[in-house]
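# Reading the structure
This is what each chain is made of:
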Amino acid sequence: MKLITIAIDGHSSCGKSTMAKDLAKEIGYIYIDTGAMYRAVTLFALQNGLITDEGIINEEGLRQRMSDIMITFQLNEETGRPDTYLNGVCVEREIRTMEVSKHVSPIATLGFVREAMVDLQRLMGEAKGVIMDGRDIGTVVFPDAELKVFVTASADVRAKRRYDELTAKGEKCDYDEIRANVIERDRIDSTRAISPLRQADDAIVLDNSNMTIPEQKAWLLEQYRRVAGRE
Ligand code: DC
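I will try to describe carefully the structure that is included in this document. (Residues numbered from 1 in each chain as written. Predicted model: local features only at pLDDT ≥ 70, side-chain atom pairs only at ≥ 80, totals over all residues. Heavy atoms only, no water.)

## Points about the side chain of D9
Note the threshold: In this description a helix means any DSSP run of H or I spanning at least four residues, a strand means any run of E spanning at least two, and both kinds are numbered starting from the N terminus. Each residue gets one of three labels from its accessible area relative to the maximum for its type: buried under 20%, exposed over 50%, partly exposed in between, using a 1.4 Å probe on protein chains only. Note that His is not counted, nor are the chain ends; the positive residues are Lys and Arg, and the negative ones are Asp and Glu. When a carboxyl oxygen of Asp or Glu lies within 4 Å of a side-chain nitrogen of Lys or Arg, that pair is called a salt bridge. Residue contacts follow a heavy-atom distance rule, with two residues in contact if any of their heavy atoms lie within 4.5 Å.
Relative to the helices and strands, D9 is located in strand β1 (residues 5-10). It turns out D9 is buried and unbridged, and the closest side chain with the opposite charge, R135, is 6.8 Å from it. Excluding its chain neighbours within four sequence positions, the residues that come into contact with D9 are K16, G134, R135, D136, I137, G138, T139, V149, F150 and V151.

See the structure below:
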C-alpha cells in the first residue's frame, strides 16, 4: 500500500475523530486532531485573560502571544491515542470542556490563528501517512489529499453523542445547551469568511446518523484500502 494523506472534515461532534483515531491505529498512520489545536489556542486565551466573561476576545493581545503557544501531540500508551499538549502540559481533558467549546468557534475565525495552525498542520503532515480531521483539511490544508471524507449527522444525534461523552466523564451538562452549542458552532464554522466549513468537490460524503462505530470503522478502512491500494 502506498502512503497517502487522509482528510476527514465535517460538522462538530459527528464522530470524525473516533473513526479517524481508530483507522490511524489500525494502519499505523499518525492521527492529527486539528480541532484540538484550535481548542488549545482557546484554552490558552482563557487561561491568560484574553477572553472576557462576556466572551469578547482581546484579538491584539492574542496576536501578540501567538509565539508563546506551542502545541504538540504525544501518544498515550494507555489509550493508544495521541494526547494534546499545550506548552508541554497535557490538556486533553481541559480542551474538551463546555467552557472551551463555547469560545472555540470565534477563536477559529481569526485569520492569524488559522494561518499559524495551518502552517503547523502542513508541517505535521509533510511526510504523508497521516489522517487529519477538521473543517478545512480537504479544502485548504491538504487540497491534494488522496482520500477526502466529509462526515455529517443530524444535530440531535450529534448533541446526544456529545452529552453521553461529557456525562461519562462526570461533567455536569444540559442536553439543550449542548444541542444549541452544536448548532451555533455549525453556523459560525460554515459562515466564517476564512476557510469556512464546506465539502471539497472530490470528498466522499458519509452521513453516520444511523451507523454504529464498528460500521463506520469498517467503511473507512474499505475506503483507505481502495485508494491506497490503487497504483
Ligand atoms: O472538531 P472540534 O469540535 O474539536 O473543533 C473545535 C472548533 O474548531 C470548531 O468549532 C471548528 C474549529 N475548527 C476549525 O475551524 N478548523 C479545523 N480544521 C478544525 C476545527
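## Topic: the packing of helix α4 (residues 98-108) against helix α8 (residues 175-191)
Test applied: Convention adopted: a line fitted to C-alpha atoms gives each axis, helices being fitted over their contacting stretch, and angles between N-to-C directions are expressed from 0 to 180 degrees. Roughly parallel covers angles under 35 degrees, roughly antiparallel covers those over 145, roughly perpendicular covers 65 to 115, and oblique covers all other angles. Two helices that cross are described as forming a left-handed crossing if the nearer one is turned anticlockwise from the farther one by less than a right angle, and a right-handed crossing if clockwise. Just so you know the grouping, Ala, Val, Leu, Ile, Met, Phe, Trp, Tyr, Cys and Pro go in nonpolar, Asp, Glu, Lys and Arg go in charged, and all remaining residues, Gly too, go in polar.
Contact geometry of α4 with α8 gives a least axis separation of 9 Å together with a crossing angle of 20°. Of the possible angle classes, the one that applies to α4 and α8 is roughly parallel. As for the relative orientation of α4 and α8, their crossing is left-handed in sense. Taken together, the residues of α8 that come into contact with α4 (itself represented by M98, S101, K102, V104, S105 and P106) are E177, I178, N181, R185, I188 and D189. By residue class, the composition of the contact of α4 with α8 is five nonpolar, three polar and four charged.

## Looking at helix α2 (residues 34-47)
Every α-helix carries 3.6 residues per turn, so stepping three or four residues along brings you back to the same face. Convention followed: Take the number of residues in a helix, subtract one, and multiply by 1.5 Å to get its expected span. Pairs of N or O atoms are called polar contacts if they sit within 3.5 Å, as long as, within protein, a hydrogen donor faces a hydrogen acceptor (for residues adjacent in sequence, only side-chain-to-side-chain pairs).
Taking 1.5 Å of rise per residue, 14 residues should cover 20 Å, and α2 covers 20 Å from first to last C-alpha, within 8% of that figure. Counting buried positions over the 14 residues of α2 gives 11, a clear majority of the element. Considered for burial, the residues of α2 that qualify are T34, A36, M37, Y38, R39, A40, V41, T42, L43, F44 and A45. For α2, the side-chain oxygen to backbone nitrogen distance between the N-cap and G35 is 3.1 Å, and the N-cap itself is D33.

## Some points on the nonpolar core
For clarity, the threshold we go by: Think of a nonpolar core as a cluster: buried Ala, Val, Leu, Ile, Met, Phe, Trp, Tyr and Cys residues, connected wherever their side-chain atoms sit within 4.5 Å.
Counting residues in each nonpolar core, the largest one holds 35 residues, and the members touching the most others are V41, L62, I69, I107, V113 and M117. Every element with two or more residues in this core is listed here: α2, α4, α5 (111-124), β6 (130-134) and α6 (137-141). Looking at this core, the element that brings in the most residues is α2, giving eight residues. Once you skip the residues sitting within four places of it in the chain, V113 turns out to touch Y38, V41, L62, M66 and I107. Judged by nonpolar contacts, the second largest core, of 23 residues, contains I8, A20, A153 and W219.

## Observations concerning the sheet that holds strand β8 (residues 204-207)
Where we set the bar: When DSSP finds two or more bridges between a pair of strands, those strands are recorded as paired.
If you walk across this open sheet you meet the five strands as β2-β6-β1-β7-β8, and the pairing is parallel. The open sheet terminates on both sides in strands that have one partner only, identified here as β2 (30-33) and β8. The mean angle between the axes of side-by-side strands here comes to 20°, regardless of whether they run parallel or antiparallel. Bridge count for β2 against β6 is four bridges, and the pairing is parallel. Counterpart to Y31 in the pairing with β6 is I131. α2 rests against β2 and β6 of the sheet, and its axis sits at about 45° to β2. Sheet strands touched by helix α9 (residues 213-228): β1, β7 (147-152) and β8. Its angle to β7, the strand with the most contacts, is close to 160°.

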